[in-house]
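Listed below, chain by chain, are the residues.
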Amino acid sequence: MSDLVRLNSISKSFGGVDALRAVDFDIRPGEVHALLGENGAGKSTLMRILGGEMQPSAGSLEIGGKTVTLRDPRDARALGIAVIHQELALAPDLTVAENIFLGQLSAVVSHSALRKRARELIGRLGFAIEPGRVVSSLAIAHQQVVEIAKALSQDVKIIVFDEPTAVLSAQDAERLHEIISGLRGKGVGVVYISHRLDEVFRIADRMTVLKDGEKVGTVAVGDTNVDGVIRMMVGRPLSSLFPPRKERQVGKVVLKVNNLSAGRRVRNVSLEVRAGEIVGLGGLVGSGRTEVARLIFGADRPDSGSIEIKGKLIAPRSPRDAVRAGIGLVPEDRKMQGVVLDESIRINCTMARLSDVVNGLGFLRQSAEKKTVTALGQSLRLKAASIENPVTSLSGGNQQKVVLAKWFHAGGDLIILDEPTRGVDVGAKTEIYGLINRLAEDGKAVLVISSEHMELFGLCDRIIAMGQGEVRGELQPKDYSEERLLGMTMVGSLTAAAAGGQS
């Protein structure tokens, strides 16, 4: 089978630092080729070269067997190459239709014709998004559909998806995978970048792994498994990603939730978490896990029920009340809710508890703050040139460490972590798992929400299963399996789940 695109011995240097070293990569018609590796492995740099956003320091690019030079993204688009980045590149104040055909508009525009064409394109993708809506009013999942429609409006031959499901629900991710299957059926070559290996194995034909700017290898999906791919990426198997289970001293109940309810989203939820214990909250997207966390943290108000911290009834009316009660939350969306992206690492790390770094008159003691944050950074192995740098300068894994550093500094008795490793590479996940273990070893009560079942199995002392806003049951380590967890979530019975796993 001839290649749609072939990148030959691509190298790229930035100020004497090699981001890519002699990397070969090819894309065939009608295939999904996954590009894998830790953050900083060179994946995005390679795709920016393919998309014409960067020129290689060495190497060549062939399209349809002919060597080409891509001076800018316009050249790439003219040859049928589209790159959909993790950070969507849409004009937020323009309509859906205007965004789809941006760059193709003539001086005289028929808005009705534009909307009609946009509606047809979006309809072919299986969505019903009003073309006249302003893009900023759309959910992230629908903004991504607009990006895909924009690519398909230009006779695309190769399309690159960079972490496309990082912010999508399970239902929207499934719809995206259906769209990708449709593209494959039309002979489009798809490059798929993701940290979610389960979905990579489900939709990819081949995988190429990069490490430290070099190609480790390319394998067919049927010729390897998750352990094999992780070993290629980080040099060790899946089992070693999780810290060894140590005997921890489990103490008294820290969090007690009694019959907590909020409309149909949360219905009579009761649970406990003890000091030194890591408890998982498992379930499908929409099962009510995040909603429970928000109620405990005071971000939302319950209709009924009660919350106790160390035997004391609390009714947090805001996150500030919850922090004062000794509760910390690492939210699902760290960029919007966990950090102030444009502020420095130093400010982000101490903002939840300033009492340690201000004097009696309320003035900031900068030397004390710098000393505290530097020590936190070293303890959490934060990779940053300076604590004065903005959080935007960090990788996803290091941004998450800043959120964790904030709660390490704030103290408290209960830490809730909602999707703690979403969008984080495999190596950084291992470090974050170690930090979560440390919280429990320090006597904190830890509640972990995760859509990655292996993450719950590797971290948690027990798992509470939720479905449709209710607690459906609890799993002990001896009962851990995907079949049982899904069975409890969907059926609400360990017996039924076990029977389903044997069928």
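Here the structure is a predicted model, which means the values were calculated and not measured.

1. Describing the side chain of Ser450
Within the element layout of this structure, Ser450 appears in the loop between β18 (445-449) and α16 (453-459). Here Ser450 falls in the buried class, since its relative accessible area comes to 1%. Only 2.7 Å separates the side chain of Ser450 from the side chain of Glu455, close enough to count as a polar contact.

2. Notes on the pattern of salt bridges
According to the stated counting rule, one finds 24 salt bridges in the structure shown. For the salt bridge of Glu53 with Arg48, the shortest nitrogen-to-oxygen distance reads 2.7 Å. Accessibility expressed as a relative area gives 33% for Glu53, which makes it partly exposed. Arg119 is the salt-bridge partner of Glu130, the closest N and O atoms lying 3.3 Å from each other. A residue pair is termed long-range when its members are at least 10 positions apart, and Glu130 in the loop between α4 (111-124) and α5 (140-152) and Arg119 in helix α4 qualify at eleven residues.

3. Section: the packing of aromatic side chains
Two descriptors summarise a pair of aromatic rings, namely the distance from one centre to the other and the angle between the planes of the rings. As enumerated under the stated definition, the model contains one aromatic pair in all. Each ring, one from Phe457 and one from Tyr480, has its centre 5.2 Å from the other, and the planes form 25 degrees; the classification is stacked. With Phe457 in helix α16 and Tyr480 in the loop between β20 (470-475) and α17 (482-491), the pair connects residues that are 23 residues apart, well separated along the chain. Each member of the pair, Phe457 as well as Tyr480, is classed as buried. Across the ring face of Phe101, the terminal group of Arg117 is positioned such that the distance to the ring centre comes to 4.2 Å. Geometry around Phe127 places Arg175 over its ring, the cationic atom sitting 4.6 Å from the centre.

4. A closer look at helix α8 (residues 226-234)
Residues of α8 that are buried include every one of Val229, Ile230, Met232, Met233 and Val234, and no others. Buried residues of α8, seen end-on, are gathered within an arc of 170 degrees and therefore sit on one face of the element. Where α8 is buried, its residues contact β3 (32-36), α7 (197-203), β9 (206-211), β10 (214-220) and α15 (426-441). Positive phi appears at Gly235, one or two residues downstream of α8, with a value of about 85 degrees.

5. What to know about the environment of Gly16
Tracing the backbone shows Gly16 in the loop between β1 (5-14) and β2 (17-27). Gly16 gets classed as exposed once you look at its relative accessible area, which sits at 72%. Residues Gly16 and Gly377, spaced 361 residues apart in sequence, show a C-alpha to C-alpha distance of 27 Å.

6. Overview of the sheet that holds strand β19 (residues 462-467)
Strands belonging to one sheet form pairs held by backbone hydrogen bonds; the direction of such a pair is parallel or antiparallel. The six strands lie next to each other as β16-β17-β18-β13-β19-β20, forming an open sheet whose pairing is mixed. With one partner strand each, in any of the chains shown, β16 (327-330) and β20 form the two edges of the open sheet. Neighbour-to-neighbour, the strand axes of this sheet turn through a mean angle of 20 degrees, independent of strand direction. Summarising the sheet, strand β13 (residues 278-282) and β19 pair through four bridges and their orientation is parallel. Looking at the pairing, Leu281 lines up with Ile464 of β19. The strands that helix α9 (residues 289-296) touches are β13, β16, β17 (414-418), β18 and β19; relative to β17, the one it contacts most, it runs at about 145 degrees. Each of β16 and β17 is contacted by helix α14 (residues 396-410), which is oriented at about 180 degrees to β16, the strand it contacts most.

7. Digging into the environment of Arg484
Assignment of secondary structure puts Arg484 in helix α17. Each C-alpha atom, one on Arg484 and one on Ala465, is 9.8 Å from the other, the two residues being 19 residues apart in sequence.

8. Some words on the confidence of the model for the protein
Detail in the predicted coordinates should be disregarded across regions flagged by low pLDDT. Residue-level pLDDT values for the protein average 85, and 93% of them are 70 or greater. Note that residues 493-503 has pLDDT below 50 and, in this model, 13 contacts with residues that lie over four places away or in other chains.

9. With respect to the nonpolar core
With 124 residues, the main nonpolar core has Leu36, Ile100, Ile159, Phe161, Leu255, Ile327 and Leu414 as its most contacted residues. Among the elements that make up this core, the one with the highest residue count is α15 (eight residues). Leave out the neighbours within four places in its chain, and Leu255 touches Leu271, Glu272, Val273, Ile296, Ile307, Glu308, Ile309 and Leu414. The next biggest cluster of nonpolar side chains, apart from the first, holds 25 residues, and it includes Ile10, Leu50, Ile193 and Leu210.

Reading the values: the criteria
Residues numbered from 1 in each chain as written. Predicted model: local features only at pLDDT ≥ 70, side-chain atom pairs only at ≥ 80, totals over all residues. Heavy atoms only, no water. Helix = DSSP H or I, 4+ residues; strand = E, 2+ residues; numbered from the N terminus. Buried < 20%, exposed > 50% of the residue type's maximum accessible area, 1.4 Å probe, protein only. Polar contact = N/O pair within 3.5 Å; in protein donor to acceptor, adjacent residues only side chain to side chain. Salt bridge = Lys/Arg side-chain N within 4 Å of Asp/Glu carboxyl O. Phe/Tyr/Trp six-rings, centres within 6.5 Å; stacked < 30°, edge-to-face > 60°. Lys NZ or Arg CZ within 6 Å of the ring centre and 35° of its normal. Arc of directions from axis to C-beta. Contact = heavy atoms within 4.5 Å. Pairing = 2+ DSSP bridges. Axes fitted to C-alpha atoms, helices over the stretch in contact; angles between N-to-C directions. pLDDT = per-residue confidence, 0-100. Core = buried A, V, L, I, M, F, W, Y, C linked by side-chain atoms within 4.5 Å.

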